[in-house]
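# Observations on the model geometry
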Amino acid sequence: MGELLPSDRGEVLKHVFNQYDRHGKGELSPLEVQNLHGDIRMGGISYPQVLASMKYVCGSLDCCTLEELHDLLQEMDRRYFLVQDLRWEFSLLDREHKDTITEHQAMWMVQAMHGKNFSKRKWASFLQLRAVPGSPLAFPEIEVLLCNVKSSLDVLQEREEEERERRERLEHERLRQEEERRERERLERLKDEERRRKEEVKYSKMTAKQRLEEDARRKMMEEEEERRHRQQELEEEERRREEQRLLELEERGREEEERRRQEELEKYKDAEKIVNETELEEADILERLRVVREKLQTETDGRKRVELQEEEQRLLRLLRDLKHKRIRYKLKVAIKERDRYKLEYSVNEFKTEKVEDVDMDLEKAERLLREITSRDNLRRAVSRREIEELEKAIATIKRNGLEVQLARELIEANVILTRLRKIQRIRSEILELKQSTVAEIRSYQKPPPVVHTVMTATFLILGHKEKETKDWKTVQALVGKTGKDGLKRRCLECDASKIPMETARRARQLLEKQELDEVRDVSAGAATFYVFTFAMVEECFDIDERGPLPDEETNPTSGPSPGEKAGKAGRQRVDPTKMTIQRSRQVVTNSGTAAVATELRNKTPTRKK
């Protein structure tokens, strides 16, 4: 734009401004500003670029005052030189020399120009406002977008738009959920009315004796349902209280944990350096000790031998002190890195060498090792999904006072434990089913649709194809089998981790068409299998959401020690359900151990020593 001295810049700008302000309004229009800049820079910039410059500097598209002229000319200069470079880059993308590029290339160019300030919303708006969306873009279409700089006003407007869109999405989601809730309630009311009507019709056709039997059956089922519902409410309430307590502990312990970690980082920041320096000093002392001992072997003078022996003892004491110092600082490094294997090795070395615990690091390392081991054991128990192991891991954490440090893991473990107990309770109910109840399902010649649907879903998760169960005679044959192929035994041995997701989705689709009360009114046995199948499908979906569960031995932070691996090589996992069957079908209590064994999780490579 030429050289302007600070002393006469104002006079020059005023003179230039007055030359182009032909009407003496004290302001310049966009066309006058374009002519001014075109006379300074050959060719100048396009009219849309002029308007964009005025909007950025003056905040208006109508006029420019004398006070704004200098900043406006600088902005227009920036765009002028930037356009020259961008035209060259545009030509590189235009390989066919059609003076156009694709929308994807244009977006890449704009994104490369703006970096983290690139706005997908603005780009989408720009594409929607094009005369022919989807057609190739010429350079004049995007030159203003390329040269624009995001101002504070743009940032504010974009935030306001994002907040408005977020509120609209939330409101739309709320209205959708409200509509779905009302629709569900309406359908439930219709089903309840239809069920009551059918019961009234059925009840009116009964004899007095049948009515008494039906009333007794209904009362017994209501009492059983109320007992089961009360037990579930107590368990859920206990789980919620425990989860709330753990969340409070986690919130309280998070700041303490952060403060402790910062202190450890500050306290042990030079530990690695000190360990390295100590090792070098040890090597130097060992070399000196070797020289002294060689001299001692060849020296014959008694006085000098005494001196060499004293020097040898001094070097040995110094070497011992350096070794203890190295062990202490290696323990500090292990605490800082929170590495299980380094901690185990350092603690063992610390105790073997009987190093004096000056900074109380040994106690801290042992506490940290207990925390890491407890976390690993809990994760392993969660991945195995066995009630006994989960209860043992949770009890160990509470006994060691690690609830604050492992609050998040405990919440997850309690959720899974509640689900596993529910499955175990259902398994117990299946085991306690009387043969007459199962025989009732088999005795139907033309079964009610709900019974057929429930048994179809049950045999689906047990590994049968749906086309097999369409014929009720096939279902009757499957229900009537005994021994290892018996229905009750197969339900007890069912493993949710081995159910294919397509099968689980289809089973859930079938069960969602029915209501538990509707099934229970028709057949108590079918209701038990309904609850069991639904619980297994939920467990299958939970396993799928958590992803595949690799071998636990491949986890470097939670894997067992080498000794544990050796003992585990010949050890096989025992299925508690099979143990139940082998004990002459002894009734399983609610506190018994369930066998919902799944593939193990958290696959990471094991550290090799």
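Quantities reported herein were computed from a predicted structural model and do not represent experimental measurements.

### Details of the overall build of the protein chain
- Scanning the protein chain for helices and strands turns up 25 helices and two strands.
- Going through the 609 residues of the protein chain one by one, you find that 38% of them count as buried.
- Within the protein chain, counting contacts between residues at least 6 apart in sequence, those at least 24 apart form 72% of the total.
- Summing over all exposed atoms, the protein chain offers an accessible surface of approximately 37400 Å²; the carbon and sulfur share of this is 50%.

### Focus on unusual backbone geometry
- Positive phi, normally seen in glycine, also occurs at H97, with a value near 60°.
- Relative to the assigned elements, H97 resides in the loop between α4 (66-93) and β1 (100-101).
- Despite not being glycine, K354 shows a phi value in the positive range, around 55°.

### A word on helix α16 (residues 435-443)
- Burial in α16 covers these residues: T437, V438 and I441. Along the axis of α16, the buried positions cluster into a sector of 100°, meaning they face one direction only. Away from the buried face of α16 by more than 90 degrees, exposed residues Q435 and S436 are located.

### A short note on the environment of D154
- You can see D154 is positioned in helix α8 (residues 152-204).
- With near-sequence residues (within four places) excluded, D154 lies in contact with K122 and V149.

### Considering the nonpolar core
- Ranked by size, the top nonpolar core spans 42 residues in total, and within it V451, M455, F459, I461, L487, F529 and F532 carry the most contacts.
- No other element matches helix α23 (residues 524-546), which puts 11 residues into this core.
- Once residues lying within four places of it in the same chain are set aside, the contact partners of I461 are C494, I499, T503, A507, F532, T533, M536 and V537.
- L82, L86, F118 and I142 belong to the second-largest nonpolar core, a separate cluster that totals 17 residues.

### Quick notes on the pattern of salt bridges
- For the structure on display, the rule yields 34 salt bridges.
- The closest approach of N and O atoms between E96 and K98, which form a salt bridge, is 3.2 Å. K98 matches E96 in its accessibility class, with the two residues each being exposed.
- One salt bridge in this structure joins E163 and R166, with 2.6 Å as the shortest N-O distance. In this pair, E163 and R166 both sit in helix α8, three residues apart, roughly one turn of the helix.
- Residue classification places R166 among the partly exposed positions, given a relative accessible area of 36%.
- A network of salt bridges, in which partner residues are shared, links E178, E179, R181, R182 and E185.

### Some remarks on helix α14 (residues 387-399)
- A rise of 1.5 Å per residue sets the reference length of α14, with its 13 residues, at 18 Å; its end C-alpha atoms lie 18 Å apart and thus fit the reference within 8%.
- Listed as buried for α14 are I387, L390, A393, I394 and I397. Buried positions in α14, seen along its axis, are confined to an arc of 135° and lie on one side of it. Among the exposed residues of α14, those oriented more than 90 degrees off its buried face are E388, K392 and R399.
- Check the buried side of α14 and you find it contacts α13 (361-384) and α15 (407-432).

### Looking at the packing of helix α1 (residues 9-20) against α4
- Running from amino to carboxyl end, α1 crosses α4 at an angle of 100°, the nearest separation of the two axes being 10 Å. It follows that α1 is roughly perpendicular to α4 by the angle criterion. Taking contact as the criterion, the partners of R9, L13, K14 and F17 in α1 are, on α4, L66, L69, H70 and L73.

### Details of the side chain of H464
- You can see H464 is positioned in the loop between α17 (449-461) and α18 (466-469).
- A distance of 3.2 Å separates a polar atom in the side chain of H464 from a polar atom in the side chain of E468.
- Among the polar contacts listed, one links the side chain of H464 to the side chain of R490, at a separation of 2.9 Å.
- Not counting residues within four places of it along the chain, the set of residues in contact with H464 comprises F459, L478 and R490.

### Considering the packing of α17 against helix α21 (residues 501-511)
- Where α17 contacts α21, the axes come no closer than 9 Å and their chain directions differ by 165°. Overall, the two elements α17 and α21 adopt an arrangement that is roughly antiparallel. Of the two elements, α17 crosses α21, and the hand of that crossing is left-handed. Where α17 approaches α21, its residues T453, V454, T456, A457, L460 and I461 are matched on the opposing element by T503, R506, A507, L510 and L511.
- By residue class, the composition of the contact of α17 with α21 is seven nonpolar, three polar and one charged.

### A few points about the packing of aromatic side chains
- For the structure shown, the criterion picks out four aromatic pairs.
- Here the aromatic rings of W123 and F126 are separated by 5.2 Å at their centres, their planes lie at 35°, and the arrangement is tilted. Taken as a pair, W123 and F126 lie in helix α6 (residues 120-128) at a separation of three residues, close to a single helical turn.
- The residue whose ring lies beneath K332 is Y329, and the NZ or CZ to ring-centre distance is 5.5 Å.
- One Lys or Arg, R508, reaches over the ring of F541 and ends 3.9 Å from the middle of that ring.

### Quick look at the state of the cysteines
- Using the criterion set out here, one finds zero disulfides in the structure.
- There is no disulfide at C64, and the cysteine sulfur nearest it, in C58, is 4.2 Å away.
- Free cysteine C540: the closest other cysteine sulfur is in C494, separated by 9.1 Å.
- On the accessibility criterion, C540 (3% relative accessible area) is buried.

### What about the side chain of S346?
- Topologically, S346 is positioned in helix α12 (residues 340-352).
- In this view, S346 contacts K330, L331 and A334; residues no more than four positions away in its chain are not counted.

### Here we look at the confidence of the model for the protein chain
- Put simply, the protein chain has an average pLDDT of 77, and 83% of its residues get 70 or more.
- Within the model, pLDDT remains below 50 along residues 548-609, and this stretch shows 131 contacts once partners closer than five positions in the same chain are excluded.

### Description of the environment of F529
- With respect to the secondary-structure elements, F529 resides in helix α23.
- Classification of F529 by relative accessible area gives buried; the value is 0%.
- In this structure, the C-alpha to C-alpha distance between F529 and F459, residues 70 residues apart in sequence, is 10.0 Å.
- When near neighbours in sequence (up to four residues on either side) are disregarded, F529 contacts L433, I441, V454, M455, T458, L487 and C491.

Criteria and thresholds
- Residues numbered from 1 in each chain as written.
- Predicted model: local features only at pLDDT ≥ 70, side-chain atom pairs only at ≥ 80, totals over all residues.
- Heavy atoms only, no water.
- Helix = DSSP H or I, 4+ residues; strand = E, 2+ residues; numbered from the N terminus.
- Buried < 20%, exposed > 50% of the residue type's maximum accessible area, 1.4 Å probe, protein only.
- Contact = heavy atoms within 4.5 Å.
- Areas by Shrake-Rupley, 256 points an atom, 1.4 Å probe, with all protein chains shown as cover.
- Arc of directions from axis to C-beta.
- Core = buried A, V, L, I, M, F, W, Y, C linked by side-chain atoms within 4.5 Å.
- Salt bridge = Lys/Arg side-chain N within 4 Å of Asp/Glu carboxyl O.
- Expected span 1.5 Å × (residues − 1).
- Axes fitted to C-alpha atoms, helices over the stretch in contact; angles between N-to-C directions.
- Parallel < 35°, antiparallel > 145°, perpendicular 65-115°, else oblique.
- Polar contact = N/O pair within 3.5 Å; in protein donor to acceptor, adjacent residues only side chain to side chain.
- Left-handed = near helix turned anticlockwise from the far one by under 90°.
- Nonpolar A, V, L, I, M, F, W, Y, C, P; charged D, E, K, R; others polar.
- Phe/Tyr/Trp six-rings, centres within 6.5 Å; stacked < 30°, edge-to-face > 60°.
- Lys NZ or Arg CZ within 6 Å of the ring centre and 35° of its normal.
- Disulfide = S-S within 2.5 Å.
- pLDDT = per-residue confidence, 0-100.

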